[in-house]
Each structure stands twice: as C-alpha cells, then as structure tokens.
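# Geometric and topological summary
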Amino acid sequence: RSDTWIDVYDFFAGILHFFFFPEGLEEFHWISDRDGHQHIYRYDYDGNLLNQVTSGPWNVIRVEAVDLESRTIFYTSAEDSPLERQLYGVGFDGSGKRRISEGRGRHQFDVSPNGDFYLDRWSNTETPLQVELRSTDDGRLAVLEDNAETTRFSEAFAYSPAELFSFETSDGVRLDGSMVKPPGFDPTKPYPVVLSIYGGPGSQQVYDEFSTDFFNQYLAQQGYVVVGLNNRGSGNYGSDFMKIVHRRLGHWEANDFAEAGRWLASQPWVDGDRMAIMGTSYGGYSTIFTMLDHPDVFRLGIANSPGTDWRIYDSIYTERYMGLLADNSDGYEASSVMSMAGNLEGHLLLVHSGMDENVQPRHTMQLITALTEAGKDAELRFYPMGAHGAA
C-alpha cells in the first residue's frame, strides 16, 4: 500500500519485484521504499518480517546476485552518492555490509550467479569507460578495455568534459546538475545556455560519468553551455523527492527547470537573455510546461514528440502517477499545457512524427490549435515517417 504509487523493482535483470529461495530455505526478499528509500526486506513464507536487510538515506538500485552458501546478497547501491553506482555485499540478516567495487563514478555490473566474479563497466567525469573482470574477494583480475585511445582523442580534439555542480532552490532543496562548457571557456565572457532535459518520474539524467553525448559536444563547440539537471521527480534521492509530483505532473519539474535557469542567469559567465530549454517525450512536455508556466526564464524552447495532456496518453503510465481521471480531474487539468497556451512569450519549436505510436501526433496538433486560438505562434516540424522521438 502507498499514498502515492508502488514501484516495481528489477531483480536479476528481469525477475520482478521479489525473489524466492529454494525449498528448505522458506523465505523471500523484496525491495520497498516504505521508510523513504528503496531497501531490501526479508520475510518468511507466512508473511512475517524477519529483518530489514539494508537501511539508510540512500537507495538500493537492484539485486545482482545471491550466494546461498554464505547467505550474501550482492546489490547495486547509490549509498556513496545519487550520482554514483557501486557494488555492495551484505548478509541476509543485514550484517557484514561491505563495498566491493572501486573507483568513483557510475558502475554497471554483470555478476556471476553466486557472486564470486563480475564484469565492471564504469567511468566518471574524468575517466572514460573502463571494462574490468573482477573478483568480489580479490579485486581486479584483468583490464578488458581502458579506452586509452579515447583519452588521446579527447586531449587532441575539442572535447569538453562534463562538470558536476549543485545549487539550492528558493525553497531550500539542493539539486544536482552537470554542464558541458565550450572549448577554451573564458569565465569572464557571457555564454548562451541550453538546458537539455527529460525529467520524468523516477528517471535520472545526471551521473558522475564520462560525457559521450555527441550533440552536447557539438553545441558546446558552437559556443553554448549545455546543462542537465536531476529535478524533483527524479529517482534515487528518496521517495519524498521523487513522489512530490504525484497527481500533478509538470508543476515541480517546471519549477526546478526554471530555478536552474534563474540560478544560471545569476552566474557572471551566462548570458541570461540567451537561454534555451529542450527535451524529447517527457522532456518535450516539460519544455512546454516550463515555457508556459515560467515565461520569463527561457527565450527558446524545442519540444520533440511532446505530451501535452495526460487525458489522452497511455493509461498504464498516466494513472500510476496521476490516479484515475474521475478522482483527480483538477490535477489532470492543472497538468495539461492547454490552458496556459496564452502565456507563451518566447520562441517555441515543436517537432513530431506522424507514426509516433507512443506520444501520438494529436498531442502536438491540439497544442497548435490552442496556441492559434490564443493568438500565439509556434514553429512546427512534422515528419510523416518516423516513430517516437522523430527518429
């Protein structure tokens, strides 16, 4: 039971929500966020709680392996930072917890069934992707790829590493972000900014990882500072941070993107009159919502394949976060961008494909109608072929 929604967590890359043990060991484990963070709980077959296996102000991301002989669970954790992923081991009773992976950054693991060995793919903002074969007891056994050529390439050409930053919103919430600055960045000069976003519930955009997005690099080479943000609604900062968006999607996401824009505009190296916001799918929705709800912040918005009204989107997604329409009609109305169409002040580019089966083209078509009726103009790029994301 939950006052908001119940997430379904991924165990062993496809076994969902909980896992059972062989006959003779009659217990099961599952992940719950009942204490405000995602943790592992242990029950017997009568439904009695045996113990909470993990605890603390951080999230268990997923269980990677279980060693029945040593009664050890191996799991990916955000304990060190929401921007990192590290491998940990812990006993069924919660004892003996230890960090296994090494090196700051975002790690992704393939762990052997009993947890003896694992492949570790990891990077951080200064280190390109490393691929290593490791033992959970003895550490690194072999380096399979160190991407030394990537390091030489980035040093020889106009590559800009991602930089992590954080700031505090006007209501006292600290948000994490990343930025890619133009090559030869001069802090005494003002630069235009592109805030590139997604922002959907439970997602996460910013990690401590090596930047490989070619479009971000292209924009930086054209002189833009490219910024990403872990807004409220993002996962792995605790349930309160993520589930504040419940029954009113759009509001807090747009609030935080506007807060980021205002914070950036206060920096001496940002041209506050030349800031743009762009995103695809939920990011397109958030782009429009931000442009209309905070029209004084961004001068340009690019919304690719945007949703515009949750009343015409997939029910399995929408009702998880918004509830039933009959029970939350005011929330649905407040989460639609239609009623705000008259607020548009900046330039808005809408992009959609005619064969988008996810966010159907009618989302964009009805927004164009609402903008026209409000006497507002927007640019439209419509692609008869192509699926979601205008691809």
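Residues numbered from 1 in each chain as written. Predicted model: local features only at pLDDT ≥ 70, side-chain atom pairs only at ≥ 80, totals over all residues. Heavy atoms only, no water.

Next up on the list: the sheet that holds strand 14 (residues 139–145). With antiparallel pairing, the four strands of this open sheet are ordered in space as 11-12-13-14. Strands at the two margins of the open sheet, each flanked by one partner only, are strand 11 (106–111) and strand 14. Going from strand to strand, the sheet's axes swing by 25° on average, the running direction of each strand aside. (Pairing = 2+ DSSP bridges. Helix = DSSP H or I, 4+ residues; strand = E, 2+ residues; numbered from the N terminus. Axes fitted to C-alpha atoms, helices over the stretch in contact; angles between N-to-C directions.)

This next bit is on the side chain of T308. The topology assignment puts T308 in the loop between strand 20 (300–304) and helix 6 (315–322). A polar atom in the side chain of T308 sits 3.1 Å from the side chain of Q366. Filtering out sequence-adjacent residues up to four positions away, T308 remains in contact with I288, S336, V337, M338, H363, Q366 and L367. (Polar contact = N/O pair within 3.5 Å; in protein donor to acceptor, adjacent residues only side chain to side chain. Contact = heavy atoms within 4.5 Å.)

In this section: the sheet that holds strand 22 (residues 379–383). Across the sheet, which stays open at both edges, the eight strands sit in the order 15-16-18-17-19-20-21-22 with mixed pairing between neighbours. For this open sheet the edge positions go to strand 15 (162–168) and strand 22, each flanked by a neighbour on one side alone. Neighbouring strand axes in the sheet, compared pairwise and without regard to direction, differ in orientation by 20° on average. Where strand 17 (residues 191–197) and strand 19 (residues 270–280) come together, six bridges link them in parallel fashion. Bridged to Y191 within strand 19 is V270. Most of the contacts of helix 5 (residues 282–293) go to strand 19, to which it runs at about 140°, and overall it touches strand 17, strand 19, strand 20 and strand 21 (347–353).

Turning our eyes to something else, we now look at the packing of helix 4 (residues 251–265) against helix 5. It is the contact of helix 4 with helix 5, at a shortest axis distance of 9 Å, that shows an interaxial angle of 70°. It follows that helix 4 is roughly perpendicular to helix 5 by the angle criterion. When the axes of helix 4 and helix 5 are compared, the crossing they make is right-handed. Here helix 4 contributes H251, E253, A254, F257 and A258 to the contact with helix 5, which in turn contributes Y282, S286, F289, T290 and D293. Here the residues of the contact of helix 4 with helix 5 are counted per class, giving five nonpolar, three polar and two charged. (Parallel < 35°, antiparallel > 145°, perpendicular 65-115°, else oblique. Left-handed = near helix turned anticlockwise from the far one by under 90°. Nonpolar A, V, L, I, M, F, W, Y, C, P; charged D, E, K, R; others polar.)

Of all hydrophobic cores here, the largest spans 55 residues; its most connected members are V227, L249, L264, I288, W310 and V337. For this core, the leading source of residues is helix 5, giving six residues. Residues contacting L264, with those up to four places away along its chain left out, are M179, V193, V227, W269, V270 and M275. By size, the runner-up hydrophobic cluster in this structure holds 15 residues, among which are W58, V63, V90 and F92. (Core = buried A, V, L, I, M, F, W, Y, C linked by side-chain atoms within 4.5 Å. Buried < 20%, exposed > 50% of the residue type's maximum accessible area, 1.4 Å probe, protein only.)

Glancing now at the pattern of salt bridges. Overall, the coordinates contain 23 salt bridges when judged by the stated rule. Between R99 and D80 there is a salt bridge, and its shortest N-O distance comes to 2.8 Å. Linking R99 in strand 10 (residues 98–99) with D80 in the loop between strand 8 (72–77) and strand 9 (86–91), this pair joins segments that are 19 residues apart in sequence. Judged by relative accessible area, which is 36%, D80 ranks as partly exposed. One salt bridge connects E209 with R106, and the closest N-O pair in it is separated by 3.1 Å. Here E209 is found in the loop between strand 17 and helix 2 (214–221), whereas its partner R106 is found in strand 11, with 103 residues between them in sequence. Classification of E209 as partly exposed rests on a relative accessible area of 25%. (Salt bridge = Lys/Arg side-chain N within 4 Å of Asp/Glu carboxyl O.)

The subject of this paragraph is the packing of aromatic side chains. For the coordinates displayed, the defined rule picks out 22 aromatic pairs. Their ring planes at 65° and their centres at 6.5 Å tell us that F214 and F215 sit as a pair that is edge-to-face. Accessibility expressed as a relative area gives 69% for F214, which makes it exposed. By way of ring pairs, the aromatic residues W5, Y198, Y282, Y285, F289, W310, Y313, Y317 and Y321 are connected into one cluster. The ring centre of Y41 lies 5.0 Å from the NZ or CZ of R34, which sits over that ring. Positioned above the aromatic ring of W5, the side-chain terminus of K243 is 5.3 Å from the ring centre. (Phe/Tyr/Trp six-rings, centres within 6.5 Å; stacked < 30°, edge-to-face > 60°. Lys NZ or Arg CZ within 6 Å of the ring centre and 35° of its normal.)

With respect to burial, strand 18 (residues 225–230) is a largely interior element, six of its six residues being buried. Of the two faces of strand 18, both are covered, the one formed by V225, V227 and L229 as well as the one formed by V226, G228 and N230. Sheet topology places strand 16 (residues 174–180) next to strand 18; five bridges connect them, and they run antiparallel. Counted as the bridge partner of G177 is L229 from strand 18. Judged from the three bridges that link them, strand 17 and strand 18 form a sheet pairing that is parallel. Directly across from V194, in strand 18, lies its bridge partner V226. As a crossover connection, the stretch from strand 17 through helix 2 into strand 18 is right-handed. (Right-handed = clockwise from strand over helix to strand, strands pointing away.)

None of the figures reported here should be taken as evidence of function without further support.
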